[in-house]
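Structural characterization, general
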Amino acid sequence: VKHALQNSWTLWFTKPPSGKQDWSELLKEVITFDSVEEFWGIYNNITPASELAQKSDYHLFKRGVRPEWEDPQNKHGGRWSYTFKTGKANDSVWLDIMLAAIGETLEDEGDNEVMGVVINIRKAFWRVGLWTRTAGQPPKKGTPAAEEGLDKEVGKKRLEKIGKNFKNYLQLPETEQVEFSGHADSAHSGSSRAKAKFAV
Ligand code: M7G
């Protein structure tokens with residue numbers, strides 16, 4: 001018996017650069033699945049995040065969305081993130097975040113904000129991200145959000161609720177904050193370390 005997921009998901013991998021390679025050469029599509037059983041089959045057969053080399057990423061995104069700022073479904077969006085400054089990646093935290101994503105428990109039904117989740121393995125830290133479709137901006141004319149009549153404050157509240165869910169899954173103490181930044185700012189600065197717009 002297969003337990004169908006609400007969405008199909010694609011796992012992507014960013015391999016560490018060997019020499020001078022740009023982003024597009026490093027990002028690899030791994031596999032797409034749409035059931036709980038397939039998820040476990042994949043999870044049990046890939047390298048755990050804690051054993052990945054520096055500069056690797058896993059990205060788990062809804063099918064049809066590339067894990068890039070430039071993707072049409074990401075470009076008006078942003079990211080909640082939290083950086084763990086010490087130790088190896090915690091596999092159970094990353095697993096919990098993936099299960100929350102595919103189980104659709106990060107947002108309310110119908111919100112349609114969550115695009116995917118990411119883990120970045122770096123020399124001095126590891127970081128977990130949750131990518132959203134909008135970024136708490138007044139929606140630009142002609143975008144889906146504008147057509148839905150999404151108000152800026154409503155949009156921000158919805159994102160903050162998702163940020164709080166994310167923070168709960170990360171099991172962070174109340175004193176820690178997860179930060180939201182817009183992809184447009186990240187793309188502009190050429191780094192994901194763009195200034196945070198808000199935090200919860
Ligand atoms: P990162 O891995 O998000 O953060 O970005 P880090 O700076 O903490 O390692 C590292 C680099 O990867 C960026 O400076 C970009 O060159 C590239 N990069 C990362 N992302 C997520 C994108 C993306 O969505 N699009 C493009 N074009 N480059 C990206």
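One can find the structure itself at the top, above this paragraph.
Let me begin by describing the structure that accompanies this report. (Residues numbered from 1 in each chain as written. Predicted model: local features only at pLDDT ≥ 70, side-chain atom pairs only at ≥ 80, totals over all residues. Heavy atoms only, no water.)

**Focus: the packing of aromatic side chains**
Inclusion rule: Aromatic rings from Phe, Tyr and Trp, taking only the six-membered ring of Trp, are treated as a pair when their centres fall within 6.5 Å; an angle between ring planes under 30 degrees marks them as stacked, one over 60 as edge-to-face, and anything in between as tilted. Put simply, DSSP H or I for four residues or longer makes a helix, DSSP E for two residues or longer makes a strand, and each gets a number counted from the N terminus. Exposure classes here rest on a 1.4 Å probe applied to the protein chains alone. A residue is buried below 20% of its type maximum, exposed above 50%, and partly exposed in between. Two thresholds decide whether a charge sits over a ring: the Lys NZ or Arg CZ must be within 6 Å of the ring centre and within 35 degrees of the ring normal.
Applying the stated rule across the entire model yields 11 aromatic pairs. Centroid distance F13 to Y58: 5.6 Å. Interplanar angle 50°. Geometry classified as tilted. A residue pair is termed long-range when its members are at least 10 positions apart, and F13 in strand 1 (residues 4-14) and Y58 in strand 3 (residues 56-62) qualify at 45 residues. Y58 sits in the buried class, given a relative accessible area of 6%. With a centroid separation of 5.3 Å and 70° between ring planes, the pair formed by F39 and W40 is classed as edge-to-face. Relative accessible area serves as the criterion here: at 4%, F39 is assigned to the buried category. These aromatic residues form a ring-pair network of at least three members: F33, F39, W40 and Y43. Here the basic side chain of K156 rests over the ring of F198, its NZ or CZ set 5.2 Å away from the ring centre.

**Things to note about the sheet that holds strand 1**
The line we're drawing: The rule for pairing is simple: two strands pair if DSSP sees at least two bridges between them. Here a residue-residue contact requires only that any non-hydrogen atoms of the pair lie within 4.5 Å. Between the N-to-C directions of two axes lies an angle of 0 to 180 degrees, each axis being a line fitted to C-alpha atoms and, for a helix, fitted only over the stretch in contact.
Judged by pairing direction, the sheet is antiparallel, and its 8 strands sit side by side in the order 2-1-3-5-6-4-7-8 without closing on themselves. Each edge of the open sheet carries a strand with a single partner, namely strand 2 (27-35) and strand 8 (198-199). Pairing geometry for strand 4 (residues 78-84) and strand 7 (residues 179-182), over 4 bridges, is antiparallel. Each bridged residue has a counterpart across the sheet, and for S81 the counterpart in strand 7 is E179. Helix-sheet contacts for helix 2 (residues 36-43) involve strand 1 and strand 2, and the interaxial angle to strand 2 is about 140°. On top of the sheet, helix 3 (residues 91-102) reaches strand 1, strand 2, strand 3, strand 4, strand 5 (114-121) and strand 6 (126-132); it is set at about 165° to strand 5, its chief contact.

**Side note on the site of the ligand**
Counted only if it meets this: For this description, a residue counts as near a given molecule or strand if any of its non-hydrogen atoms is within 4 Å of it. Contacts described as polar in this section are N or O atom pairs within 3.5 Å, which, within protein, must combine one atom able to donate a hydrogen with one able to accept it, while residues neighboring in sequence count only if both atoms come from side chains. Note on areas: Shrake-Rupley with a 1.4 Å probe; residue coverage comes only from the protein chains shown. Under the convention adopted here, Pro, Cys and the residues Ala, Val, Leu, Ile, Met, Phe, Trp and Tyr are nonpolar, Asp, Glu, Lys and Arg are charged, and Gly plus all remaining residues are polar.
Of all residues adjacent to the ligand, which total 10 residues, the nearest are W69, E70, R122, G190 and S192. W69 is positioned with one of its backbone polar atoms (N or O) 2.7 Å from an oxygen atom of the ligand. Coverage of the ligand by the protein amounts to 75% of the 570 Å² it exposes when considered alone. In terms of residue class, the shell around the ligand is built from 3 nonpolar, 2 polar and 5 charged.

**Quick look at the packing of helix 2 against helix 3**
The line we're drawing: Note that the term roughly parallel is reserved for angles under 35 degrees, roughly antiparallel for angles over 145, roughly perpendicular for angles of 65 to 115, and oblique for everything else. Less than a right angle of anticlockwise turn of the near helix away from the far helix marks a crossing as left-handed, whereas a clockwise turn marks it as right-handed.
As a packed pair, helix 2 and helix 3 sit with axes 12 Å apart at the nearest point and diverge in direction by 155°. Of the possible angle classes, the one that applies to helix 2 and helix 3 is roughly antiparallel. Note that helix 2 runs across helix 3; the crossing there is right-handed. Judged by residue contacts, F39, W40 and Y43 of helix 2 engage D91, L95, M98, L99 and I102 from helix 3. Considering only residue class, the contact of helix 2 with helix 3 consists of 7 nonpolar, no polar and 1 charged.

**Thoughts on the side chain of T14**
Mapped onto the fold, T14 is located in strand 1. Accessibility expressed as a relative area gives 4% for T14, which makes it buried. Polar contacts involving the side chain of T14 include one to the side chain of D57, which spans 2.9 Å. A polar atom in the side chain of T14 sits 2.6 Å from the side chain of H59. Sequence-distant contacts of T14, that is, excluding residues within four places in its chain, are made with W23, L26, L27, K55, S56, D57 and H59.

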